[in-house]
Amino acid sequence: MNSPKKITVTGAAGQIAYSLLWRIANGEVYGADTPVELNLLEIPDALGGAEGVAMELADSAFPLLHNINITADLNEAFDGANAAFLVGAKPRGKGEERAALLSNNGKIFGPQGKAINDHAAQDIRVLVVGNPANTNALIAMSNAPDVPQSRFNAMMRLDHNRAISQLATKTGRLSSEFQDVVVWGNHSAAQFPDITYATVGGEKVADLVDHDWYVNEFIPRVAKRGAEIIEVRGKSSAASAASSAVDHMRDWIQGTETWASAAIPSTGAYGIPEGIILGLPTVSRNGEWEVVEGLEINDFQRARIDANVEELQGEREAVKDLL
Ligand SMILES: NC(=O)c1ccc[n+]([C@@H]2O[C@H](COP(=O)([O-])OP(=O)(O)OC[C@H]3O[C@@H](n4cnc5c(N)ncnc54)[C@H](O)[C@@H]3O)[C@@H](O)[C@H]2O)c1
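The structure contained in this document is the topic of the report that follows. Because the structure is a prediction, the values reported are computed rather than measured. (Residues numbered from 1 in each chain as written. Predicted model: local features only at pLDDT ≥ 70, side-chain atom pairs only at ≥ 80, totals over all residues. Heavy atoms only, no water.)

1. What about the overall build of the chain?
Right, so step 1: Scanning the chain for helices and strands turns up eleven helices and 14 strands.
Right, so step 2: Taking 323 residues into account, the globule formula puts the C-alpha radius of gyration at 20 Å, and the chain, at 19 Å, falls close to it.
Right, so step 3: C-alpha extents for the chain along the principal axes are approximately 50 × 45 × 40 Å.
Right, so step 4: Buried positions account for 51% of the 323 residues belonging to the chain.
Right, so step 5: Here the contacts in the chain between residues at least 6 apart in sequence split such that 73% fall between residues at least 24 apart. (Helix = DSSP H or I, 4+ residues; strand = E, 2+ residues; numbered from the N terminus. Rg over C-alpha atoms; globule rule 2.2 N^0.38 Å. Buried < 20%, exposed > 50% of the residue type's maximum accessible area, 1.4 Å probe, protein only. Contact = heavy atoms within 4.5 Å.)

Structure below.
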């Protein structure tokens, strides 16, 4: 057995955490040889809910779950953390402008970034799930100057998994057969699920589906899948978000066989300016995401990637006093 890893989950009384915590406690992030200690962060009013979640986790008697700590104190929550899932966020109020949403959430993620900077372990990895995830991650990163920027990610994996699911349904193939799918950009309706390089069982996906379906059905359906789930389920995606968060963190730590879509700080690759966090084609090697470089980008792709860059730069501008 390895020594235990400390994992912080914020928004621990919420609906995503209610799935996520069970997967973490089952050892799916660091693997079956590594016990975990959980730090659950909640706002003071929701500590009772987090307490109840912790009781149920304890009742599940996971062999790898060594400790659960519940707190509303940021410094305590991130103390010694090796991994952090930043899930808790302020939902969009009725009629609330996007700029106000960005700034209200920024006020959560700035202090969390600072607490991570001051208290987390050297190998801390942060995955921001709470929306608007990409810009929240940028705010947390900017408030943690002593932590390498590459340790701050936002989640595009749900979008990536949604894209594969739509392709699997369309072609009658298994999700596991798809490779080299990527979702570029922002976790928003502007995102660009891209099948240009994708293959299934060695065949090019673009040869199996018609272009009109790809542009007019697939791309908008993946991008608006969150709204579709709310319409049908009556609540926002939770278990699928939790599952994708585990996929992301597990792959980051343990490595990938094929491409994944991870929102990481831009490196200048593909002419995308630095200073934003966006979904890119990535592989994980030795605990670090690497951008898959050298892909040819056509005009169709370029326009969609540029639209995402512009949107993220606009979001950054809206929160510039929090950076
Ligand atoms: N990136 C993605 O793909 C993706 C997918 C689905 C949902 N989300 C986002 O994830 C977030 C959480 O979703 P949910 O369904 O679990 O919401 P939820 O409302 O059920 O739970 C959120 C929890 O966060 C807590 N919280 C709020 N502010 C906090 C703070 N400052 N510190 C700690 N905890 C705090 C709340 O008390 C609540 O218990 C939302 O922002 C949602 O939009 C992202």
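2. Brief notes about the packing of helix α1 (residues 15-25) against helix α10 (residues 239-254)
Right, so step 1: Two elements in contact, α1 and α10, have axes whose closest approach is 8 Å; the angle formed by their N-to-C orientations is 40 degrees. At the point where α1 passes α10, the crossing takes the right-handed sense. Across the interface between the two elements, Ile16, Ser19, Leu20 and Arg23 from α1 touch Ala239, Ala241, Ala242, Ser243, Ala245 and Val246 from α10.
Right, so step 2: Its residues placed into classes, the contact of α1 with α10 shows seven nonpolar, two polar and one charged. (Axes fitted to C-alpha atoms, helices over the stretch in contact; angles between N-to-C directions. Left-handed = near helix turned anticlockwise from the far one by under 90°. Nonpolar A, V, L, I, M, F, W, Y, C, P; charged D, E, K, R; others polar.)

3. Structural notes on unusual backbone geometry
Right, so step 1: In this chain, Asn131 is followed by Pro132 through a cis amide linkage whose omega measures -5 degrees.
Right, so step 2: Along the chain, Pro132 turns up in the loop between β5 (125-128) and α5 (133-142).
Right, so step 3: Within the chain, Ala61 stands out as a residue other than glycine whose phi angle is a positive 50 degrees.
Right, so step 4: Counting through the fold element by element, Ala61 comes out in the loop between α2 (47-59) and β3 (65-71).
Right, so step 5: Unusually for a residue other than glycine, Tyr270 sits at a positive phi of about 60 degrees.
Right, so step 6: Looking at the secondary structure, you find Tyr270 in the loop between β12 (260-265) and β13 (277-285).

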